[in-house]
Amino acid sequence: MSKEAILKATDLGKEYGALCVVKEVSMTMETGEFIAIVGKSGSGKTTLLSLVSGLERPSNGRVVLNDKDITAASEDDLALFRRKNVGFIFQSFNLIPTLSAWENVVLPLFPEKMSEQARRDRALDLLHRMEMDHRVDHLPSTLSGGEKQRVAIARALVNSPKIVFADEPTGNLDSQTGESIMNILKDLHAENGMSLLMVTHDLDLAKAADRIIRMQDGEVIS
Ligand SMILES: Nc1ncnc2c1ncn2[C@@H]1O[C@H](COP(=O)(O)OP(=O)(O)OP(=O)(O)O)[C@@H](O)[C@H]1O
Ligand SMILES: [Mg+2]
């Protein structure tokens, strides 16, 4: 594994019963790289993202993420590792409905290591970047789709992750809001050298990436 690789997957496979949805995928991602994964619905993009980010266990193969073999890690170890190193942005936002915007953002932080004030300041700073100052005390149910996604992005970034995994982060948004979310992600990638692995079905968005991975029927075809 080259020193600069943040992610290396080898012969990854995922089977659900007799159904093989990811087949022998090998890929390497350099630190600071922005890769887009494209492919038809059902081609295995979300599954691949779940495998390489440690959200799901592969049926075969190995994943080394930030120099750690996550396929060999225990559940507890993996949960802690993800919280420290990885940010996730889901298509469906996954916000906690009973918590306000800023409370959602601070969730991944370690309360024992930071004062309440420091955590709130960190959340407000990120929400400010997302142009969400006026909505920090709102519950998710009172936010628009684009606003929810901006809260979700702030939450994904709160631990300054080395790598962010994003599954169709603009999929539920109108094209203008989607573009502004995409610009925020591109800026963070450019400023902080944050690695970004993003699933999208939008070829225009994919063009912003350093590299595009195409999937078909569970395989990487280019
Ligand atoms: N838990 C599961 N059990 C059985 N089959 C599954 C499961 N999860 C996913 N699949 C199947 O695996 C295939 C790939 O699913 P996946 O969600 O990775 O596709 P995708 O490329 O992300 O599609 P989309 O663009 O629609 O989000 C699909 O055919 C799906 O039905
Ligand atoms: Mg998907």
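Residues numbered from 1 in each chain as written. Chains lettered and ligands numbered in written order. Predicted model: local features only at pLDDT ≥ 70, side-chain atom pairs only at ≥ 80, totals over all residues. Heavy atoms only, no water.

Named according to an unreviewed UniProt entry, the protein chain is ABC transporter ATP-binding protein originating from Candidatus Desulfacyla euxinica.

Undergrad: Looking at this structure, I do not really get the overall build of the protein chain. What am I missing?
TA: Secondary structure summary: the protein chain contains 7 helices and 10 strands in total. A compact globule built from 222 residues would reach a C-alpha radius of gyration of about 17 Å, and the protein chain, at 17 Å, matches this within 12%. Its C-alpha atoms give the protein chain principal-axis dimensions of roughly 45 × 40 × 35 Å. Burial analysis of the protein chain (222 residues in total) assigns 48% to the buried set. Relative to all contacts within the protein chain whose residues are 6 or more apart in sequence, the contacts with residues 24 or more apart total 69%. On the protein chain, the mean spot of the 26 positive side-chain charges and the mean spot of the 32 negative ones are 2 Å from each other. (Helix = DSSP H or I, 4+ residues; strand = E, 2+ residues; numbered from the N terminus. Rg over C-alpha atoms; globule rule 2.2 N^0.38 Å. Buried < 20%, exposed > 50% of the residue type's maximum accessible area, 1.4 Å probe, protein only. Contact = heavy atoms within 4.5 Å. Lys, Arg positive; Asp, Glu negative; His and termini not counted. Charge placed at Lys NZ, Arg CZ, Asp CG, Glu CD.)

Undergrad: What is the right way to look at unusual backbone geometry in this model?
TA: Excluding glycine, residues mostly carry a negative phi; peptide bonds, for their part, are mostly trans. Positive phi, normally seen in glycine, also occurs at E24, with a value near 45°. Within the element layout of this structure, E24 appears in strand β2 (residues 19–30). Overall, E24 belongs to the exposed group, its relative accessible area being 68%. The backbone of N66 shows a phi angle near 50°, a positive value even though the residue is not glycine. When you line up the elements, N66 lands in the loop between β4 (60–65) and β5 (68–69).

Undergrad: Help me out: how do you make sense of helix α2 (residues 75–85) in this one?
TA: The α-helix advances 3.6 residues per turn, and as a result positions three or four apart in sequence lie on the same side. Those residues of α2 that sit buried are L78, F81, R82 and N85. The buried side chains of α2 occupy one side of the element, clustering within an arc of 100° when seen end-on. Among the structural elements, β4, β5, β6 (86–89) and β7 (163–167) are those in contact with the buried residues of α2. (Arc of directions from axis to C-beta.)

Undergrad: How should I be thinking about the packing of aromatic side chains in this particular structure?
TA: Each aromatic ring pair is characterised by the separation of its centres together with the angle its planes make. The full count for this structure, using the stated rule, is 2 aromatic pairs. Measuring from ring centre to ring centre gives 5.9 Å for F88 and F90, while their planes differ by 15°; the resulting arrangement is stacked. Both rings, one in F88 and one in F165, keep their centres 6.0 Å apart while their planes meet at 25°; by these two values the pair is stacked. Separated by 77 residues along the polypeptide, F88 in strand β6 and F165 in strand β7 bring together distant segments of the chain. (Phe/Tyr/Trp six-rings, centres within 6.5 Å; stacked < 30°, edge-to-face > 60°.)

Undergrad: Honestly, the packing of helix α4 (residues 116–129) against helix α5 (residues 145–157) in this entry has me stumped. Any pointers?
TA: When two helices pack together, their arrangement is given by the angle between their axes and by how far apart the axes lie. Viewed as axis vectors pointing N to C, α4 and α5 meet at an angle of 130°, and their least axial separation amounts to 9 Å. When the interaxial angle is binned, α4 and α5 end up oblique. Here the hand of the crossing between α4 and α5 comes out right-handed. In this structure, α4 uses R122, L126 and L127 to contact α5, whose residues at the interface are V151, A154 and L157. (Axes fitted to C-alpha atoms, helices over the stretch in contact; angles between N-to-C directions. Parallel < 35°, antiparallel > 145°, perpendicular 65-115°, else oblique. Left-handed = near helix turned anticlockwise from the far one by under 90°.)

Undergrad: Explanation requested: the site of ligand 1 in the structure shown.
TA: The environment of ligand 1 is formed by Y16, V21, K40, S41, G42, S43, G44, K45, T46 and T47. Between ligand 1 and S41 there is a distance of 2.6 Å, counted from an oxygen atom to a side-chain nitrogen or oxygen. Within the backbone of S43, a nitrogen or oxygen atom sits 3.2 Å from an oxygen atom of ligand 1. For ligand 1, whose accessible area on its own is 650 Å², the fraction buried by protein is 58%. For the shell around ligand 1, the element with the most residues is helix α1 (residues 45–52), which contributes 3 residues. (Near = heavy atom within 4 Å. Polar contact = N/O pair within 3.5 Å; in protein donor to acceptor, adjacent residues only side chain to side chain. Areas by Shrake-Rupley, 256 points an atom, 1.4 Å probe, with all protein chains shown as cover.)

Undergrad: Help me understand the side chain of E147, please; the structure alone is not making it clear to me.
TA: Along the chain, E147 turns up in helix α5. If we skip the residues at most four places from it in the chain, E147 touches M132, H134 and R135.

Undergrad: Where do I start with the layout of surface pockets in this structure?
TA: One water molecule sets the probe size; rolling that probe over the atoms shows where empty space is left. The space that makes up the largest pocket amounts to roughly 320 Å³. Around the largest pocket, the lining is made up of 13 residues, and of these R83, V86, F88, P108 and R155 lie nearest the centre. Residue assignment for the lining of the largest pocket shows that the elements contributing at least two residues are α2, β6 and α5. Of the residues contributing to the lining of the largest pocket, the split by class is 8 nonpolar, 2 polar and 3 charged. In this structure, the second largest pocket spans a volume of roughly 260 Å³. Considering the residues around the second largest pocket, the lining is formed by 17 residues, among which S175, G178, E179, D202 and L205 are closest to the centre. Mapped onto the lining of the second largest pocket, the elements with two or more residues apiece are α6 (175–192) and α7 (203–206). For the lining of the second largest pocket, the residue count by class is 4 nonpolar, 7 polar and 6 charged. (1 Å grid on protein atoms, 1.4 Å probe; cavity = no way out; pocket = protein on both sides within 12 Å on 5 of 7 lines; lining within 4 Å. Points joined across faces, edges and corners; volume = space filled by probe spheres on them. Nonpolar A, V, L, I, M, F, W, Y, C, P; charged D, E, K, R; others polar.)

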